[in-house]
Amino acid sequence: MENGFFHHALTIREDICTGCSLCMRVCPTGALRIRDGKARLIEDRCVDCGECFRSCPVNAIIIEQDDFSRIFDYKYRVALVPAVLHGQFRHEVSMSEISAVLRSLGFTWVYEVEHGAEILKPAIDDLMNVRTLPRPLISSYCPAVVRLIQVRFPALIRNLATVKAPLEMAAFYCRRVLRDRGAHNAEIGVFYVTPCAAKIAAVKSPVGEESTPISGVINMDFIYNRINRTLRNKGELPLGDDHAYSVDPDTLVWSLTNGEASCVNGRTLAIDGINNVTEFLEQLENDEITGVDYLELRACDEGCAGGVLLSSNRFLVAERLRNKARNLKPGARAADNDDFPDIEAYHDYLMNKVKINDEIKPRSMYRLSGDRDEAMRMMKRSRRLMCWLPGTDCGLCGTPSCQALAEDIVRRRGDISQCVFIRESNMEKDLMDRQRSNEIMRKIWGDNNFTKNCNKKGAENESN
Amino acid sequence: MSFEYKVTGGDFTHAGYASSQVKKMLKQLGVDSTIIKRVVVCLYEAEVNIVAHAYDGVINIVLDADNIFMKLTDNGPGIADIEMAMQKGYSTASPEVREMGFGAGMGLPNISANADRFIITSEPGRGTSLEITINLSGTVA
């Protein structure tokens, strides 16, 4: 039940990767290794949080997206836009201008993802009223957090709130509205402008769900660049569009830290940043934390404003979005026009779709073997190895820590001679010659790191 | 395998270390998460009891593929009436300790409910010793 891999949106480009190991050092699940001078991903550990992408100094990590021209495979082309896209632009850039640019790119309908949160509020309230569910309930909004729980905190899976994300609700709504007007499902393309890799992975292989109403993803940085270019050549911009922003103020900030938690009744807590989330879950799993009803957990600092595909400063994005929300009058939606029937009109239809039906399964990354006795032998061996490894976590072995190396060795993914301290000791005792030691070092770090290169970042003639 | 963790009385900041370490090992062994939870509850409650009531203590853990045995021995005031201490809600924790969210009672009965085998011995004026055994593949206690 724990086999099979996640779909990953993150790919390491070997031709660009310099094997600097920065990504390996920041990965919160220890999913990266250095071999042959390149970063390698252990796929079943990766939760798509994007910390590696953020840390890479040479942009060797790329986030897959669908080819933009795919939108033209469909007669009806919906862009599902999260509010953080708007938050990236100056205050004077209106929401309708941004939507106009998206239309000029070829979309026939631009719809805000946060509308979907209006359906989620009552759905979460319903869950909170079920007394038999464990507390705290944990928001399943952030796919990186859901995956983190699957691999590191399987005992907490039962705490996950089994409701879909605003994105799915918005997508179901758009499809339904278009179908009600005579469109066939196959003619409708719903494309999500994504702020992060985790959302892509979740769309491509939804956790606990078989099918998705979303046809494809477009990375937000791509759209940001297109909008920016158009805004700078304003003459081409078709202004005066009928589109007005119509999301409720409190749902507009749903993706920001405390945006969701503040809409939920009871004692709620909002935690952002994957390391903060991990620390908190560790305590929660130990039963050290009691009396909390609902947890909003986000892998990125400042919530989706800190998404890895955003181009602007996360604090400015959050502040602008909060300002926009403040300036919206509560309940003052745009007049319902042909394009925008109120999502509330589809309340019953969407409430039928809101539950995550399939079981969210554990994918423990810690388990050494399916056989208990074998796992015990491996654990003993790994602990014996730790007696010899230095405990400095220098990373020169190409793994993030001594403990990770010890576990790699017992999983037959590594060798004790990868440790530079062990090699030095062995050479001192004439158990290994210098040439062999050097070969091992090159096997890990690649030959390039042993030759002079004045073009590297920070060097004499830096050039990329 | 055997492990030993020292516990300092009054040091709530570092309470929970042993539980975290043990939890990781049980995950490596692929122990069912509901059993891990019972182990962690027992160990954490017992550890906090030492921190809250004793001067210092020691946790000895013996782990094999089938069982985890945890012995917590402390130098402290001891428990005069064990039967009373085993009742739900009974606590002698000081007001400061309660203010930190600890000392709501339930500790010992909770350990007893989660353990497969639980032995408590105490000598007033000297200290308390808890022996907790949990079967790692077994059914709910």
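Residues numbered from 1 in each chain as written. Chains lettered and ligands numbered in written order. Predicted model: local features only at pLDDT ≥ 70, side-chain atom pairs only at ≥ 80, totals over all residues. Heavy atoms only, no water.

Please provide a residue-by-residue account of the nonpolar core, values included.
Counting 135 residues, the largest nonpolar core has Leu80 and Leu281 of chain A as the members making the most contacts within it. In terms of residue count, the dominant contributor to this core is helix H7 (residues 166-180) of chain A (9 residues). Apart from the residues within four sequence positions on either side, Leu80 of chain A is in contact with Tyr111, Val113, Leu167, Ala170, Ala171, Cys174, Val190, Phe191, Tyr192 and Val193 of chain A. Formed by 55 residues, the second largest nonpolar core is a distinct cluster that contains Ala375 and Leu385 of chain A together with Ala18 and Ile134 of chain B. (Core = buried A, V, L, I, M, F, W, Y, C linked by side-chain atoms within 4.5 Å. Buried < 20%, exposed > 50% of the residue type's maximum accessible area, 1.4 Å probe, protein only. Helix = DSSP H or I, 4+ residues; strand = E, 2+ residues; numbered from the N terminus. Contact = heavy atoms within 4.5 Å.)

Quick one: what's the story with the environment of Asn185 of chain A, residue by residue and with numbers?
Residues and elements named next belong to chain A. Along the chain, the position of Asn185 falls in the loop between H7 and strand S8 (188-194). Overall, Asn185 belongs to the partly exposed group, its relative accessible area being 38%. When the C-alpha positions of Asn185 and Cys263 are compared, they lie 33 Å apart, and in sequence the two are 78 residues distant. Contact partners of Asn185, with chain neighbours within four places excluded, come to Arg175 and Arg179.

Would you mind going over the pattern of salt bridges in detail, with residue names and values included?
One pass over the full model with this rule turns up 26 salt bridges over all chains. Linking Asp48 of chain A and Arg147 of chain A is a salt bridge whose minimum nitrogen-to-oxygen distance equals 2.8 Å. Of the two residues, Asp48 of chain A is situated in the loop between strand S3 (38-41) and helix H2 (51-55) and Arg147 of chain A in helix H6 (residues 143-152); the sequence distance between them amounts to 99 residues. An identical accessibility class is assigned to Asp48 of chain A and Arg147 of chain A; each is buried. For Lys37 of chain B, the salt bridge identified is with Asp287 of chain A, shortest N-O distance 3.6 Å. (Salt bridge = Lys/Arg side-chain N within 4 Å of Asp/Glu carboxyl O.)

I'd like to hear about the interface of chain B and chain A, residue by residue, with values.
Contacts between the two partners involve 23 residues from chain B, matched on the other side by 22 residues from chain A. Of the roughly 2100 Å² buried between chain B and chain A on both sides combined, carbon and sulfur atoms contribute 56%. Inspection of the chain B/chain A interface yields 5 salt bridges. Measuring nitrogen to oxygen at the nearest pair gives 3.1 Å for the salt bridge that ties Lys27 of chain B to Glu285 of chain A. On the surface where chain B and chain A come into contact, there are 10 residue pairs in polar contact (both at pLDDT 80 or more). Elements supplying a minimum of two residues to the side of chain B that touches chain A: helix H1 (17-28) and helix H2 (33-53) of chain B. With 7 residues, the single largest contributor to the side of chain B that touches chain A is H1 of chain B. Residue classes in the side of chain B that touches chain A are distributed as 11 nonpolar, 7 polar and 5 charged. (Buried area = accessible area lost by both parts, 1.4 Å probe. Polar contact = N/O pair within 3.5 Å; in protein donor to acceptor, adjacent residues only side chain to side chain. Nonpolar A, V, L, I, M, F, W, Y, C, P; charged D, E, K, R; others polar.)

Mind laying out the sheet that holds strand S4 (residues 117-123) of chain B, listing which residues take part and the relevant values?
Residues and elements named next belong to chain B. Read across the sheet, 5 strands follow the order S1-S2-S3-S5-S4 without closing on themselves; strand pairing throughout is antiparallel. With partners counted over all chains shown, the strands left at the sheet margins are strand S1 (2-8) and S4, one partner each. Within this sheet the neighbouring strands show an average axis-to-axis angle of 10°, counted without direction. (Pairing = 2+ DSSP bridges. Axes fitted to C-alpha atoms, helices over the stretch in contact; angles between N-to-C directions.)

So, the sheet that holds strand S5 (residues 76-81) of chain A: which residues are in play, and what are the values?
Residue and element names in this part refer to chain A. Here 4 strands make up an open sheet; going across it, the order is S6-S5-S8-S9 and the pairing parallel. One side of each edge strand has no neighbouring strand; the edge strands of this open sheet are strand S6 (109-112) and strand S9 (216-219). Across this sheet, the average inter-strand angle for adjacent strands is 30°, counted without regard to direction. By the bridge criterion, 5 bridges tie S5 to S8 in an arrangement that is parallel. Across the sheet, the residue bridging to Leu80 is Tyr192, located in S8. Of the strands in this sheet, S8 and S9 touch helix H8 (residues 197-204), which is tilted by about 170° from S9.

Tell me what's going on with the environment of Phe222 of chain A, and back it up with residues and numbers.
Residues and elements named next belong to chain A. With respect to the element layout, Phe222 can be found in helix H9 (residues 220-232). Phe222 sits in the partly exposed class, given a relative accessible area of 25%. Taking the C-alpha atoms as reference points, Phe222 and Leu309, separated by 87 residues in sequence, lie 8.8 Å from one another.

Now, about the pairing of strand S2 (residues 56-63) of chain B: what can you tell me, with residues and values included?
Residue and element names in this part refer to chain B. In this sheet, S2 lies alongside S1 in antiparallel orientation, the contact comprising 7 bridges. Within S2, the position partnered with Phe3 by the bridge is Ile61. As paired elements, S2 and strand S3 (residues 67-75) share 8 bridges and run antiparallel to each other. Directly across from Asp56, in S3, lies its bridge partner Asn75. What sits between the antiparallel neighbours S2 and S3 is a turn of 3 residues.

Requested: an account of the confidence of the model for chain A, with residues and values cited.
When pLDDT drops low, the exact placement of atoms in the prediction is not to be read closely. For chain A, per-residue confidence averages 89 on the pLDDT scale, and residues scoring 70 or more make up 92% of the total. Every residue in residues 239-243 of chain A is under pLDDT 50, and counting partners more than four places away or in other chains gives 13 contacts. (pLDDT = per-residue confidence, 0-100.)

Go over the packing of helix H16 (residues 420-428) of chain A against helix H17 (residues 434-445) of chain A with me, naming the residues and quoting the values.
All names here are of chain A. Closest axis-to-axis distance for the H16/H17 pair is 10 Å, and the angle between their directions is 170°. By the criterion of interaxial angle, the relationship of H16 to H17 is roughly antiparallel. On the side of H16, the interface is formed by Arg423, Glu424 and Met427, while H17 contributes Arg434, Ser437, Ile440 and Met441. Considering only residue class, the contact of H16 with H17 consists of 3 nonpolar, 1 polar and 3 charged. (Parallel < 35°, antiparallel > 145°, perpendicular 65-115°, else oblique.)

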